[in-house]
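Chain by chain, the residues:
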Amino acid sequence: MASTGIHFTLSVFLLGLLIVTSLDFTVGQVGVCFGRLGNNLPSVQRTLALYKKNNIRRMRLYDPHPPTLRALANTGIRLMLGVRDDQLRDLANCPDAATNWVRTNILQYPNVTFRYIAVGNEIDPESALAPFVLPAIQNIYRAIRTAGRASQIKVSTSIRTDLLERSYPPQSGVFKCSVNWYIRPIIEFLRDTQTTLLVNVYPYFAYLNDPKTINLSYALLQPNSGIIAGGVYYDNLYYAILDAVDAAMERILTAVPTLFSVLSDEEMKAGGSGNPGGTGSETGWPSKGGGNGKDYTTADGDGPIHTVENARIYNNNLMRIVKSGTPRRPGRPLETYIFAMYDENLKPGPAYERHFGIFLPNGQPKYQLGFR
């Protein structure tokens, strides 16, 4: 999960896309991220039992973890599997490394329902790893396609929303000029392969960075807390972020004609030229903990924002709002993943980073949350 940054700034719209990547057009899809940065977490077997017991039908796993992959066999749980950041260079520079990665982590588990491969999570465009993301995506995609699985498994990357220069109003969403070199070819490749962009969407961080402007109820997705933004009514901040990303994607693809494709003619025919959409690959609200040794309070002095009650309200409201589309994509149910299954006591960063879990380390739920 990302650090604060300006997470609320990125959430882009792409005209003609599946903005929130819906797998079932009659109901929203909510999964849960299974992070393992803790020394007191339940076993993989107990974790999978909790997924099944609570009807959690989607999982995000941040790296190939053989015990978890083995346990997922024949469960029907749809998996978003991550590629570790330290593997990006090899995967980008060596197609054989990508072939071996797919063979070892995908084909070796024929009874696991893989849905996405996330090649890198929130890679900073200014980091040394950034130039390797697109080539790694390409090589993994081609290995998946060679294995005959491209129609079942989508290859993408996950971004954070501080790549946006502007997010308000949502229809004016635009990426920072400084990141265009990084994001534009990725979005073009995703368009060519008909794959959605993975976006970590955190209204929590938006509120944390601008509590005087953003109403807490709007960030918590509460009913009847919407605003008019650019002449459009937004019921909640999650919708606004997604539509801002969508708009930024549209601008990327329409600003300058594509001069060449990274795919061959044969691959283009297999993939298509439809625009990609965005999938909420992470979202959530911490139940405890501040930052820099203190807790944060609401702008009007009503108390701390990191509470079990606020986490309960946010995630239950999330269950409600995914059933409908955003103003830019009305009628299209959303897909998203709650961060995270457990509090992870070894996560670095401010205290709140260690309190996003919906379950305690002993496997007990923090609050009532119904997956439908």
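Read on for an overview of the structure. All figures in this text were calculated on a predicted structure; none of them were measured in a lab. (Residues numbered from 1 in each chain as written. Predicted model: local features only at pLDDT ≥ 70, side-chain atom pairs only at ≥ 80, totals over all residues. Heavy atoms only, no water.)

### Description of the packing of aromatic side chains
Defined as follows: The aromatic pairing rule takes the rings of Phe, Tyr and Trp, using the six-membered ring of Trp, and pairs them if the centres are within 6.5 Å, calling planes under 30 degrees apart stacked, those over 60 edge-to-face and the rest tilted. Helix and strand assignments follow DSSP, with helices taken as H or I runs no shorter than four residues and strands as E runs no shorter than two, numbered in order from the N terminus. For each residue, the accessible area found with a 1.4 Å probe, counting protein chains only, is set against the maximum for its type, and the residue is called buried under 20%, exposed over 50%, and partly exposed in between.
Throughout the structure, instances matching the rule amount to 13 aromatic pairs. With 6.3 Å between their ring centres and 75° between their planes, F34 and Y342 make a pair best called edge-to-face. Taken together, the residues F34 in strand β1 (residues 29-34) and Y342 in the segment after β12 (335-338) connect sequence positions 308 residues apart. The class for Y342 is buried, based on a relative accessible area of 1%.

### Regarding the packing of helix α4 (residues 95-107) against helix α5 (residues 130-146)
Just so we agree on the cut-off: Every axis corresponds to a line fitted to the C-alpha atoms, with the helix fit spanning only the stretch in contact, and the corresponding angles, defined between N-to-C directions, vary from 0 to 180 degrees. Roughly parallel refers to an angle under 35 degrees, roughly antiparallel to one over 145, roughly perpendicular to one between 65 and 115, and oblique to any angle outside these ranges. Two helices crossing with the near one rotated counterclockwise from the far one by less than a right angle form a left-handed crossing, whereas a clockwise rotation gives a right-handed crossing. The contact definition used throughout considers only heavy atoms, calling two residues in contact when any of these lie within 4.5 Å. Just so you know the grouping, Ala, Val, Leu, Ile, Met, Phe, Trp, Tyr, Cys and Pro go in nonpolar, Asp, Glu, Lys and Arg go in charged, and all remaining residues, Gly too, go in polar.
Orientation of α4 relative to α5, taken along the N-to-C sense of each, is 55°, at an axis distance of 8 Å. Between α4 and α5, the interaxial angle falls into the category oblique. Seen from above, α4 lies across α5 with right-handed handedness. Contacts between α4 and α5 involve P95, A98, T99, W101, V102 and I106 on the former and, on the latter, N139, I140, A143 and I144. Each residue belonging to the contact of α4 with α5 can be placed in one class, and the counts come to eight nonpolar, two polar and no charged.

### Description of the side chain of N310
Residue placement: N310 occurs in helix α11 (residues 308-321). Owing to a relative accessible area of 10%, N310 belongs among the buried residues under this scheme. Residues in contact with N310, not counting those within four places in the same chain, are L216, L220, W285, P304 and I305.

### A short note on the environment of G280
Tracing the chain through its elements places G280 in strand β11 (residues 278-283). Residue class for G280 comes out buried when judged on its relative accessible area of 0%. In this structure, G280 is in contact with V199, V201, Y238, E335, T336 and Y337, ignoring residues within four places of it in sequence.

### Digging into the sheet that holds β11
Note the following rule: Here, strands pair whenever DSSP counts at least two bridges between them.
Overall, parallel pairing links the eight strands, which are arranged β1-β2-β3-β4-β5-β8-β11-β12 in a closed barrel. Each strand of the sheet is rotated relative to its neighbour by a mean of 30°, with strand direction disregarded. Bridge analysis of β11 against β12 gives two bridges, and the strand direction is parallel. Paired with T283 across the two strands is I338, which belongs to β12.

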